[in-house]
Each structure stands twice: as C-alpha cells, then as structure tokens.
Amino acid sequence: MSATPMPRAANAEGAIADPAASLDCRPFSKGLYIDGRWQKASQAHTIPVIDPATEDLLAEVADATVDDARRAVDAAAGAARAWRLTSPRQRSEILRTCYRLMIERSDMLARLVSLENGKALPDARGEIAYAAEFFRWNAEEAVRIPGELGRAPSGGNRILVDYEPIGIAVLITPWNFPAAMATRKIAPALAAGCTVILKPASETPLTAYALAGLYEEAGVPPGVVNVITTSTPGPVTAAMLGDPRVRKLSFTGSTGVGRQLLAEAAKTVLSSSMELGGNAPFLVFDDADLDAALDGAMVAKMRNAGEACTAANRFYVQAGIHDDFVAGLVGRMGALKVGPGSDPSTACGPMITAKAVDKIDRLVADAVARGAKVVLGGRRPEGKGFYYPPTVLIDVSPDAEMAREEIFGPVAAIYRFETQEQAIAWSNDTEYGLASYIFTRDLKRGLAVASEIESGMIALNRGLVSDPAAPFGGVKQSGLGREGGAHGVLEFLEAKYIATSF
Ligand code: NAD
C-alpha cells in the first residue's frame, strides 16, 4: 500500500505535541501473531492504522490472507490438547499474571488505546482497568468450572455432567473498545481450556498486538492465543468458520455483520455468541433526582464520546422535568473540551473515521428536517481529525432515523413523554435490546418499568452498567449469549452427559 504520511514513530521529530507522540508503535506492528511468533503475512499488502485526531498514519499492520488464517487455525489446533489438559490452577495462575502485567503496563496501554481509537485518556484508562479485570475475574472462574452428579428419576442410573472446553474459538472484535472486547473473550476462553484466534478490527489492531506480547510473557503457551489482522474479513473469517476443527464463534460488532456471520456459522452448525448493536433508551421520570439523572446521562452518553454499544441513544424525559434536564445537560455537555484523546485535558475525543462523522451528520440533518431543534453543537468542525462536537437536540420526532439507528457519537437526542406507558412503548419500539437506563426515586416504579423493558441489561438510577462480574449481553437483535459473570466461561464450555450406574 502507499500512503504519504510516515508512521508516527518515523516522523516524530518534535512535530507532534501530544504526550502519546512518545509512543513507538513499531513493536505492535511486527506481523501476524501465530503460534507464539511474529510471522509475515503471505502477501506484502499492509493495512494502514490512522490516528483519528490528526489523520496521520500511525503504523501499518500485516494483512492476513485465507492461507494465513488456515495457519492460525493449525497453530490453535496444535496447541489445543496440551492446553485443555493443563490444570485449572495452572490456567488460573497464567490469567492472574496477565492481569498483573496489564495493570503494570496500564499507562502505556491506555495511551495506545487513546492513540489508535481517539478516545479521551480517562476513558482509555477506564477501559484498560475494565479489560484487565476480565483476566482477574476469569482467573477466579478457571478453578470453579462446574460439574453435576444426579440420580435419574427411574433410580436406574446416575447422571454425570462434565463441562469440557468447546474447542478452537474464533474471536472477532470491534474498534470501540480495542482492549476490553478482546479480553472479555480471551480470558473466559482460556479459563475454559480453549485455544483461540483473535481477529481485531483493522482500525485499532495495535492494542490487540500489544496484548499478544503480554500473554506470551505471562506464560500462555505458543498457539493458545493467535492474533491476525486482515482487510478482507469476509473470506478470511469464512475460511476459519468453515474449518471443522473450529467449534466456536464469539463476535462483538454490528448487528448487520452479526447476521452475516450467523449465516456463515450455520454452515458448520457452529456455537455462536453474539454481542451486537444497541439503541439504549434513557428514561427520566418527573420524580427523578435531577442531579443523579444528569450525572448518569453524562456517563451513559459521553463515555467514549458516545461510541459505545451501551450509549444512551434516545433520551425519553417526562414533561415535568424536561426543561430542567435539557438545561442541565446542555450546561454539562457544553463544558466538555473537545480535542485529541491523548491530551490530558480532553473530555471528548475524535470519532473513529470520517465515515463515522458522516453518519452522525446525516442523522442530525434528518432529525432537524423532521422538526428537532439544535440547542447545542450540531455542526462538524473544519480541519484535520474526525471530530464532532457534543450536541443536544430537543423535540426529536419518534420517526427520526436516530430513533432507530445507533448514533455512535456525542449527540443527545431528547424526546418528551407524558405517561409511563408511552415511555415503555417507545423504549421497546426497536429491533435492539441491549441496555436501558431508568431514573426515578420510586423504586417500585423503577423495578416495574425494568420488568417491562425488553433489554438484556438495565441501569436503575445509574449511568454505567458494565461489570466483569455481571452477565453482559442483549435480547432481540442485540445478541445471543452473555459475557462476564459466571455466564462468560459457560459460552466456551460444552456439557457432556455420562449415564452410568454405581
Ligand atoms: P463491525 O460489525 O463493522 O465490525 C466488527 C468486527 O467485525 C471487526 O473486526 C470487523 O473487521 C469485522 N467484520 C466486518 N465485516 C465482517 C465480515 N463480513 N466477516 C467477518 N468479520 C467482519 O462493527 P464496528 O463498527 O467495528 O463496531 C461497532 C458496532 O459494534 C456497533 O454496532 C456496536 O453497538 C457494536 N458493539 C457491541 C458491543 C456489545 O457488547 N454488544 C460492544 C461493542 C460494540
């Protein structure tokens, strides 16, 4: 490939003022990580990694072909038996070391996440802490893999259920949490005794490669974790999913790609876990604690500058509290500093790509055309970098495209409602069902609304729902299966029933 700007590591002669400039990206772009070694791809073509804050080239990473993907499956297959036979304690200790190393390197990892993804440093630090926690949690789960022994109702035999590693797992992750979406899959897979091939998003591959080196240091044997990047995810993934040795697909990304992958997985009847898109409603009732609702709104909307599957996409605010909520949100969102993620004073970094900004622009224009009023932001800035300012829209029509699609940016769309029934009906009027937020001082009402809302996760009087110790996942077209909690490791285990008499 040819690109004019040089990699950041090569042109860093004082030209870049931000603190991340000192980060040398070369160690994280050494090739594909297969069988515990950095290997060349079988083609010379590379994938550019672009800094969303400057549009400069950060690095170029290897571009795996179908043949490279087969090599990665060979490596995972070669390591599978020895890994599944390691003791749970041994796997636990290795995962615990991964946790320790991630914490020790959290500053560098956070700067790397911020550099390639664009998110503000505090968000990147939060992501690394969250990502590392999956290693600690699954180190604890590795030694608690369940098993059952029961008596058949006839009394004739015993029912013994053993949980075995499901087999080689293909893991596909998005760009919005380059560290956490990978560790949320790798840690439970390893705890269960599976070997894996990770295919991170091409926009943010450097964090995944940085972590690959760390697993090696922690004692993960060669071939247990393989990492490949590709500009042709369709055929490369199809080759892996079509290989009869692969027994698991775990995907996090958009619902559209998830549907395609489910169709692909159907060909080999592959166990599939899907963490897909969201369209989270954020309900504020008249009796809500206004400050708590505003604090929650800032987290639910502005964490990662809105680039989160759990991001509040539709603010439904009851008529009596509506104007105060709008005034408070405009004040808070208007005070956020927009800039490169690596600048410590930045609260809202750039979006991931120009295409992401185009989408936000389109959704805002559509909402305005249908009667919405812009009370903050709403105009993309000129100049370099994929920026969009914090924006608040009021009087958004339920027919607006942004009521159906993920905005995935710093835009708060506010809809006024009158009755509880109306708010519930609007909340459920979507194909998605990932996360929802409810703010009310009346716990009885909060729990009643929570039970009516079609959503895998509910935050009640809170703006944050994610927790490694809790089952993360969606209903409807937001996904299949759960990650985290006791459920996460079960996705990588298969129950084997043995009928016996004694
Ligand atoms: P995406 O679906 O475009 O890409 C996700 C991954 O799939 C990337 O690695 C990409 O390279 C790969 N991919 C793309 N096309 C493919 C194909 N045909 N075959 C195989 N792999 C393919 O999503 P994205 O833009 O990277 O991420 C944003 C989306 O992810 C949003 O919809 C967001 O809601 C969702 N997401 C969901 C969760 C969750 O836990 N539910 C978490 C984070 C993000």
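Being a predicted model, the structure only gives us computed values, none of them experimental.

**Quick word on the packing of aromatic side chains**
Then step 1. One pass over the structure, following the stated rule, counts 13 aromatic pairs.
Then step 2. Aromatic side chains Tyr33 and Trp38 sit 5.0 Å apart centroid to centroid with 55° between the ring planes, which places their arrangement in the tilted category.
Then step 3. Owing to a relative accessible area of 3%, Tyr33 belongs among the buried residues under this scheme.
Then step 4. By relative accessible area, which is 25% here, Trp38 ends up partly exposed.
Then step 5. With 5.4 Å between their ring centres and 50° between their planes, Tyr316 and Trp426 make a pair best called tilted. In this pair, Tyr316 sits in strand S13 (residues 312–318) while Trp426 sits in helix H12 (residues 420–428), placing the two residues 110 residues apart along the sequence.
Then step 6. A connected cluster of aromatic rings, assembled from ring pairs, spans Phe282, Phe315, Phe325, Tyr437 and Phe439.
Then step 7. When the ring centre of Phe472 is taken as origin, the NZ or CZ atom of Arg184, which lies over that ring, is 4.0 Å away.

**Here we look at the sheet that holds S13**
Then step 1. In spatial order, the strands read S14-S15-S16-S13-S12-S17-S18; together these 7 strands make up an open sheet with mixed pairing. Of all strands in the sheet, those bounded by a partner on one side alone are strand S14 (373–376) and strand S18 (457–460). Across the sheet, the mean angle from the axis of one strand to that of its neighbour is 25°, orientation sign disregarded.
Then step 2. In this sheet, strand S15 (residues 391–394) lies alongside S14 in antiparallel orientation, the contact comprising 3 bridges. Among the inter-strand pairings, Lys373 is bridged to a residue of S15, identified as Ile394.
Then step 3. In this fold helix H13 (residues 443–452) packs onto strand S12 (280–284), strand S17 (435–439) and S18, with an angle of close to 165° to the strand it touches most, S18.

**Here's the deal with helix H8 (residues 255–266)**
Side chains that are three or four residues apart share a direction in an α-helix, a result of its 3.6 residues per turn.
Then step 1. Its 12 residues place the ends of H8 16 Å apart at the C-alpha level, agreeing with the 16 Å of an ideal helix rising 1.5 Å per residue.
Then step 2. Within the span of H8, buried status applies to Thr255, Gly258, Leu261 and Ala265. One face of H8 carries all of its buried residues, which in axial projection span an arc of 115°.
Then step 3. Turning to H8, the residues buried within the fold contact strand S7 (168–172), helix H7 (233–241), strand S10 (246–252) and strand S11 (271–275).

**Here's the deal with the pairing of S17**
Then step 1. Of all 5 residues in S17, 5 are buried; the element is thus mostly enclosed.
Then step 2. Here S17 shows a buried face lined by Ala435, Tyr437 and Phe439 and a second buried face lined by Ser436 and Ile438.
Then step 3. Here S12 pairs with S17 via 3 bridges, running parallel. Its bridge partner being in S17, Leu283 is matched across the sheet by Ile438.
Then step 4. Note that S17 and S18 share 4 bridges and pair parallel.

**Some thoughts on the UniProt feature "domain: Aldehyde dehydrogenase" (unreviewed entry) in the chain**
Then step 1. Per the UniProt record, the feature "domain: Aldehyde dehydrogenase" (unreviewed entry) sits at residues 38–498.
Then step 2. Counted over residues 38–498, helix gives 40% and strand 20%. Its end C-alpha atoms are 42 Å apart.

**Some remarks on the nonpolar core**
Then step 1. Core analysis: the largest hydrophobic core is formed by 159 residues, its most contacted members being Ile186, Ile228, Leu249, Phe282, Phe325 and Met402.
Then step 2. Here this core spans two domains, and each of domain 1 (31–40 + 68–276 + 478–498) and domain 2 (280–469) adds at least three residues to it.
Then step 3. Contacts of Leu249, omitting those with residues within four sequence positions, involve Val170, Ile172, Leu241, Leu261, Ala265, Leu270, Ser271, Ser272, Ser273 and Met274.

Calculation notes
- Residues numbered from 1 in each chain as written.
- Predicted model: local features only at pLDDT ≥ 70, side-chain atom pairs only at ≥ 80, totals over all residues.
- Heavy atoms only, no water.
- Phe/Tyr/Trp six-rings, centres within 6.5 Å; stacked < 30°, edge-to-face > 60°.
- Buried < 20%, exposed > 50% of the residue type's maximum accessible area, 1.4 Å probe, protein only.
- Helix = DSSP H or I, 4+ residues; strand = E, 2+ residues; numbered from the N terminus.
- Lys NZ or Arg CZ within 6 Å of the ring centre and 35° of its normal.
- Pairing = 2+ DSSP bridges.
- Axes fitted to C-alpha atoms, helices over the stretch in contact; angles between N-to-C directions.
- Contact = heavy atoms within 4.5 Å.
- Expected span 1.5 Å × (residues − 1).
- Arc of directions from axis to C-beta.
- UniProt positions renumbered as here; feature names shortened; annotations may be inferred.
- Core = buried A, V, L, I, M, F, W, Y, C linked by side-chain atoms within 4.5 Å.
- Domains from an automatic or database assignment.

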